Amino acid sequence: MKVVHITTTDYGGAYRAASNISLAMCKQGIISSVLVREKSSSEDVVPAISTRVELFFSKARNLFNLLISHGDVVNDRLGYAIHKHQLVKEADVIVLHWINSFVSYRGVERLLKLDKPVVWVMHDMWPFTGGCHYDRTCGKYQKTCEDCPLLKNQKNLTYRLQQRKRKMLSQGRFAAVGCSRWITECARESLILKDKQCVCIPNPVDTDIYNRKKCEETTQKKKTILFGAMSVTDERKGLDLLIKALDYLPGEQYVLSVVGGADRKICEELNFEYRIYGRIGSQERMAEIYNEADVYVIPSRQENLSNAVAEAMACGVPVVAFNVGGMPDMIVHGETGYLAKAFDCKELAKGIAFCCVNKFLGANAEEKVKNEFTYKKIGRKYEALLEQLLKEKRLEKAD
């Protein structure tokens with residue numbers, strides 16, 4: 001069986017999940033490769049765009065898409081002719097991941113017309129909304145995305161995009177995979193995907209990289225609170241809520257470590273010792289940073305299945321989060337971490353203190369990852385799904 005995974009970039013959380021899923025499939029004997037828009041790192045991927053001319057037209061298409069989009073409402077009208085790529089032609093199954101600024105609505109339709117099963121792994125809500133990656137709990141994707149709260153003008157643009165996606169997915173052999181139970185249920189309740197196959201398969205974790213390592217004993221008495229995000233100023237990631245929670249903790253007992261694109265001024269205003277690591281490109285270095293932490297905090301307002309949560313847990317670090325989205329899939333309250341009442345900053349602080357004191361949580365977190373999120377476990381689930389889709393295809397042809 002040959003599978004091609006299509007995702008826009010070779011960096012970021014969605015790419016890391018796509019790469020891990022591809023590796024999980026390879027370990028099951030599936031021939032799996034990752035196709036990206038252009039190669040920008042040393043990752044083992046195949047770039048669709050390899051010449052300056054192609055790159056020029058790609059940037060021109062992306063600029064057009066940006067001009068007709070409205071902030072968080074993404075409108076990808078133009079894209080790369082991905083259906084013509086040799087890897088796509090040779091594949092038995094096509095797996096889509098985060099494809100914005102790479103594959104257009106028309107591009108997805110062309111893939112579905114190839115008479116091959118198409119699986120869309122939902123790393124966020126975009127596949128079934130009127131254009132947003134997260135709906136900020138508006139819930140309009142369940143019926144009609146009219147009068148969008150994210151738009152000041154053209155409020156019915158989201159309704160038109162919702163109808164365009166319904167048309168896009170109206171044909172072909174298609175299945176949607178949710179990385180968490182939460183996003184899978186959202187998809188099943190959506191106008192766009194309610195009649196489609198929606199299954200829940202979590203993202204795997206590379207436990208050869210992310211695992212508990214023996215750290216040298218230090219005289220550091222302060223407990224390390226770790227927070228990370230691609231952009232820490234993204235309101236959805238909730239850094240402002242974590243800062244409020246820190247007010248309930250004695251500053252002399254803790255140090256805050258921040259990973260990601262951060263404005264140093266945010267931390268300078270805190271009465272807290274802090275470290276800013278910036279963006280980390282190496283998984284091995286990221287594993288070291290997890291191992292230096294006593295607790296990982298993810299105070300997101302909405303979250304699917306965070307790679308960071310599973311990675312931290314694999315390193316034996318308990319996680320504190322609000323009880324939202326996919327957090328309960330990984331965090332067992334009081335056993336592998338702490339789930340605080342949504343947006344209660346005082347309880348978030350209580351959870352941080354609880355996890356720093358109860359060392360058994362880390363061992364439980366590590367064990368949960370080994371039992372549920374390994375390449376072998378997740379690879380088998382994907383193998384079963386792909387075999388089912390191919391079997392259905394063969395039966396249809398036989399009829």
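Details of the structure are given in the entry above.
Everything numeric here is computed off the predicted structure, so don't read it as measured data.

Thresholds applied
Residues numbered from 1 in each chain as written. Predicted model: local features only at pLDDT ≥ 70, side-chain atom pairs only at ≥ 80, totals over all residues. Heavy atoms only, no water. Helix = DSSP H or I, 4+ residues; strand = E, 2+ residues; numbered from the N terminus. Buried < 20%, exposed > 50% of the residue type's maximum accessible area, 1.4 Å probe, protein only. Phe/Tyr/Trp six-rings, centres within 6.5 Å; stacked < 30°, edge-to-face > 60°. Lys NZ or Arg CZ within 6 Å of the ring centre and 35° of its normal. Core = buried A, V, L, I, M, F, W, Y, C linked by side-chain atoms within 4.5 Å. Contact = heavy atoms within 4.5 Å. Pairing = 2+ DSSP bridges. Axes fitted to C-alpha atoms, helices over the stretch in contact; angles between N-to-C directions.

A. Representation of unusual backbone geometry in the model. With a phi close to 65 degrees, Ser101 is a non-glycine residue in the positive phi region. Summarising the element assignment, Ser101 is placed in the loop between strand E4 (93-96) and helix H4 (105-112). Given the relative accessible area of 27%, Ser101 is considered partly exposed. For Phe343, which is not glycine, the phi torsion reads 70 degrees and is therefore positive.

B. How the structure looks around the packing of aromatic side chains. Per the stated rule, a full pass over the model turns up 10 aromatic pairs. Ring geometry for Tyr80 versus Phe102: centroids 6.1 Å apart, planes at 35 degrees, classification tilted. Within this pair, whereas Tyr80 is found in the loop between helix H2 (52-68) and helix H3 (86-90), its partner Phe102 is found in the loop between E4 and H4, the two being separated by 22 residues in sequence. The class for Tyr80 is buried, based on a relative accessible area of 16%. Both rings, one in Tyr105 and one in Trp126, keep their centres 6.3 Å apart while their planes meet at 10 degrees; by these two values the pair is stacked. Here Tyr105 is found in helix H4, whereas its partner Trp126 is found in the loop between strand E5 (118-122) and helix H5 (157-168), with 21 residues between them in sequence. A single burial state applies to Tyr105 and to Trp126, both of which are buried. These aromatic residues form a ring-pair network of at least three members: Tyr105, Trp120 and Trp126. Across from the ring centre of Trp126, 3.6 Å away, lies the NZ or CZ of Lys165, which sits over that ring. One residue, Arg236, lies across the ring of Tyr134, its end atom 3.9 Å from the ring centre.

C. Representation of the nonpolar core within the structure. Among the nonpolar cores identified, the biggest contains 78 residues, and Ile225 and Ile352 are the most heavily contacted of them. Apart from the residues lying within four places of it in its own chain, the contact partners of Ile225 are Leu246, Leu249, Tyr254, Val255, Leu256, Ser257, Phe272, Val295, Val297 and Ile352. One finds Leu35, Ala48, Ile94 and Met168 within the second-largest nonpolar core, a separate group that totals 43 residues.

D. The arrangement of the sheet that holds strand E9 (residues 254-261) in detail. Strand order in this open sheet of six strands is E10-E9-E8-E11-E12-E13, and the pairing throughout is parallel. At either end of the open sheet lies a strand with only one pairing partner, and these are strand E10 (273-278) and strand E13 (337-340). On average, each strand axis in the sheet is tilted by 20 degrees relative to the strand beside it, whichever way the strands run. As judged from the two bridges shared by strand E8 (residues 223-231) and strand E11 (residues 295-298), these two strands associate in the parallel manner. In the sheet register, Ile225 faces E11, and the bridge partner there is Val295. The strands that helix H9 (residues 283-292) touches are E8, E9, E10 and E11; relative to E8, the one it contacts most, it runs at about 145 degrees.

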